Amino acid sequence: MGYWGKVIGGMAGFAMGGPFGAALGAALGHAADSGMPPRFSFPFSALGNPIAAQSKVAAILGQKQQLFSIAVVALAAKLAKCDGPVRRAEIEAFRSQFRIPDSSVRDIGRLFDMARVTSEGFEIYAEQLGEAFSDNHATLELVLGSLFAIARADGAVNAKEQTFLAGVHRAFRLDRLAWDRARGAAPPRPAADEADPYEILGVARSANAEELRAVWRKLMRENHPDALAARGVPPEFIEKASASVARINAAWDRIKRERRM
């Protein structure tokens, strides 16, 4: 089953049984992936909002792929709604940013429509996604950048969209530079042959060898394609991470040569 097909499987539970059906679908999906029988040890009565319910179930079961999918769809839909009616340009921007295949458009559209009923309640999705990827700020920054692209799809980012995005940024616990890069106020990390390698790594030239090595290792952990794939990040984000790894390694090599490390 394709990436988006897996989250669609959980959607069937909502149509058939509300939060309980979603929990059942998520548990069965987890069982199929892990080869273990499903276990129901969480309070279904407390799940409330059906979309939030499934994201909670996915988090409980450790299904980061499904959690990522639900969270980004909900955040994109609620962002588009926060300043009024959702426009076609915003929907197309969402499809472009997350590469929704034609075969999944209808089903993902249903989830999008459920989420866009109101812009309220977006915080739970941002918080759960931020917690799940708290050790991978690079992925969270890519998500924030994609949300900015959706906000700009129908014109300049307005005050309501700015407030929404600032809330996501806080929930993700990203720094100011990540915010500036995501909104385009600071340039993205350029290719290694076009910029200072210290800028690419985000460190001062005065950093010692131990500090430099620690930063390089951290960036590699955050951006390594295999690690992201194992955590269920979609292919388009893995492609961006692969490009980042190449830039990071090239910058690291240049620094080592310059310092004869």
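Calculation notes
Residues numbered from 1 in each chain as written. Predicted model: local features only at pLDDT ≥ 70, side-chain atom pairs only at ≥ 80, totals over all residues. Heavy atoms only, no water. Patch = residues over 30% accessible without salt bridge, like charges linked within 9 Å, V, L, I, M, F, W, Y side chains within 5 Å. Areas by Shrake-Rupley, 256 points an atom, 1.4 Å probe, with all protein chains shown as cover. Salt bridge = Lys/Arg side-chain N within 4 Å of Asp/Glu carboxyl O. Lys, Arg positive; Asp, Glu negative; His and termini not counted. Charge placed at Lys NZ, Arg CZ, Asp CG, Glu CD. Helix = DSSP H or I, 4+ residues; strand = E, 2+ residues; numbered from the N terminus. Buried < 20%, exposed > 50% of the residue type's maximum accessible area, 1.4 Å probe, protein only. Arc of directions from axis to C-beta.

A. Quick look at a negative patch on the surface. There is a patch of like negative charges on the surface, built from Glu120, Glu123, Glu127 and Glu131. By the element assignment, glutamate 131 lies in helix α6 (residues 122–132). Residue glutamate 131 is classed as exposed on the basis of its relative accessible area, which comes to 63%.

B. Seen up close, helix α5 (residues 105–115). By the burial criterion, the buried members of α5 are Ile108, Leu111, Phe112 and Ala115. Angular distribution of buried residues about the axis of α5 spans 100 degrees; they occupy a single face of the element.

C. Representation of the pattern of salt bridges within the structure. Inspection of the entire model under this criterion finds 9 salt bridges. Ionic pairing is found between arginine 87 and aspartate 154, a salt bridge with its closest N-O pair at 3.2 Å. Taken together, the residues arginine 87 in the loop between α3 (64–81) and α4 (88–98) and aspartate 154 in the loop between α7 (137–152) and α8 (159–172) connect sequence positions 67 residues apart. Residue classification places arginine 87 among the partly exposed residues on the basis of a relative accessible area of 39%. Residue classification places aspartate 154 among the partly exposed positions, given a relative accessible area of 28%. The partner of aspartate 113 in a salt bridge is arginine 116, with the nearest N and O atoms 3.1 Å apart. Accessibility expressed as a relative area gives 26% for arginine 116, which makes it partly exposed. Taken together, the shared-partner salt bridges in this structure form one network comprising Arg176, Asp180 and Arg183.

D. Quick peek at the environment of serine 96. Considering the arrangement of structural elements, one finds serine 96 in helix α4. Residue serine 96 is classed as partly exposed on the basis of its relative accessible area, which comes to 49%. C-alpha of serine 96 to C-alpha of alanine 149: the two residues are 53 residues apart in sequence and 9.7 Å apart in space.

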